[in-house]
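Chain by chain, the residues run as shown.
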Amino acid sequence: MSKPLPTTVRTHVTALRALVVLTVILGIAYPLLVTGISQVAFSDKANGSMVKADGKEVGSSLLGQNFDLPKANPDDPKEEPKPDPKWFQPRPSANNYAGDNSGASNQGPNSDDLLKAVNDRRAAVAAFDGVDPASVPADALTASGSGLDPHISVAYAKEQVNRVARERNLPADKLDQLIARYTEGRSLGFLGQEGVNVVLLNRALDEQK
């Protein structure tokens, strides 16, 4: 009859077996199962809700992005980018829409820097869109909490219609129809406000002739 293993050895063997079993179940089988279900049931969302143009990925409908003019000197880090008047513009972003660094400015309502930034943006947006500064919506002046939100208010989208229509030589009513098409309702029907996905709106805008 073989001599039983010492208690310490048996304990380590038991722990090793548990590690192997749990690794197979939780580290291999479960991720494969969840991945398979998501690919079958929610393929687009599981793969990042990518937006394509001419067969190339140009963004994600879940992440905002800038629509700026090319810089005169791409190698100059001090040159401030300028918004392209041919596109609907997103709301400001505290992190320049960097997906690996989401977050807000953390500036409170008593911050002089925030107040100055809001006033500067109000004047810039009003001049850019040719409207009264008092009519500029709040989301055109402040960033979202994540800095990645691709949505703007319906009011801000409509404020930009005349500028985009003029730059693209398109009728304003066609742009109003696009805004209505890409306006998303409140979450669960009662949370938040309606919003327009700028990434999808501009993608549809690019298809207009």
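Going by the structure above, here's the rest.
Below or above, wherever it landed, is the structure these notes cover. Owing to the predicted nature of the structure, the values given are computational and were not obtained by experimental measurement.

**Overview of the sheet that holds strand 4 (residues 183–184)**
Moving on, step 1. With antiparallel pairing, 3 strands are arranged side by side in an open sheet as 3-5-4. Looking at strand neighbours, the two that pair on one side only are strand 3 (151–152) and strand 4, the edges of this open sheet.
Moving on, step 2. Two elements, strand 3 and strand 5 (residues 195–197), share 2 bridges in a ladder whose sense is antiparallel. Paired with Ile152 across the strands is Val196, a residue of strand 5.

**Points about the nonpolar core**
Moving on, step 1. With 24 residues, the main nonpolar core has Phe88, Leu175, Ile179 and Leu205 as its most contacted residues.
Moving on, step 2. Contributions of two or more residues to this core are made by helix 3 (112–129), helix 4 (154–159), helix 5 (161–168), helix 6 (172–181) and helix 7 (198–206).
Moving on, step 3. In terms of residue count, the dominant contributor to this core is helix 7 (4 residues).

**Some words on a nonpolar patch on the surface**
Moving on, step 1. Residues Leu16, Leu19, Val20, Val21, Leu22, Val24, Ile25, Leu26, Ile28, Tyr30, Leu32 and Val34 make up a contiguous nonpolar surface patch of about 1100 Å² in total accessible area.
Moving on, step 2. With respect to the helices and strands, the residue Leu19 is situated in helix 1 (residues 7–41).

**With respect to the side chain of Ser60**
Moving on, step 1. Here Ser60 lies in strand 2 (residues 56–60).
Moving on, step 2. With a relative accessible area of 9%, Ser60 lands in the buried category.
Moving on, step 3. In terms of polar contacts, Ser60 uses its side chain to reach the backbone amide nitrogen of Leu62, at 3.1 Å.

**Some words on the packing of aromatic side chains**
Moving on, step 1. This structure, assessed with the given rule, holds 1 aromatic pair.
Moving on, step 2. Relative to Trp87, the ring of Phe67 has its centre 5.7 Å away and its plane inclined at 35°; by these criteria the two rings are tilted. In this pair, Phe67 sits in the loop between strand 2 and helix 3 while Trp87 sits in the loop between strand 2 and helix 3, placing the two residues 20 residues apart along the sequence. For the pair Phe67 and Trp87, one class covers both residues: buried.
Moving on, step 3. Positioned above the aromatic ring of Trp87 is the side chain of Arg168, whose terminal nitrogen or guanidinium carbon lies 4.4 Å from the ring centre.

**Overview of the pattern of salt bridges**
Moving on, step 1. Within the structure shown, the criterion is met by 5 salt bridges.
Moving on, step 2. Between Asp84 and Lys86 there is a salt bridge, with its nearest N and O atoms 3.1 Å apart.
Moving on, step 3. For Asp84, a relative accessible area of 7% corresponds to the buried category.
Moving on, step 4. The partly exposed category is assigned to Lys86, whose relative accessible area is 32%.
Moving on, step 5. Close ionic contact of Glu207 with Arg203 constitutes a salt bridge, the shortest N to O distance being 3.3 Å.

Definitions and cut-offs
- Residues numbered from 1 in each chain as written.
- Predicted model: local features only at pLDDT ≥ 70, side-chain atom pairs only at ≥ 80, totals over all residues.
- Heavy atoms only, no water.
- Pairing = 2+ DSSP bridges.
- Helix = DSSP H or I, 4+ residues; strand = E, 2+ residues; numbered from the N terminus.
- Core = buried A, V, L, I, M, F, W, Y, C linked by side-chain atoms within 4.5 Å.
- Buried < 20%, exposed > 50% of the residue type's maximum accessible area, 1.4 Å probe, protein only.
- Patch = residues over 30% accessible without salt bridge, like charges linked within 9 Å, V, L, I, M, F, W, Y side chains within 5 Å.
- Areas by Shrake-Rupley, 256 points an atom, 1.4 Å probe, with all protein chains shown as cover.
- Salt bridge = Lys/Arg side-chain N within 4 Å of Asp/Glu carboxyl O.
- Polar contact = N/O pair within 3.5 Å; in protein donor to acceptor, adjacent residues only side chain to side chain.
- Phe/Tyr/Trp six-rings, centres within 6.5 Å; stacked < 30°, edge-to-face > 60°.
- Lys NZ or Arg CZ within 6 Å of the ring centre and 35° of its normal.

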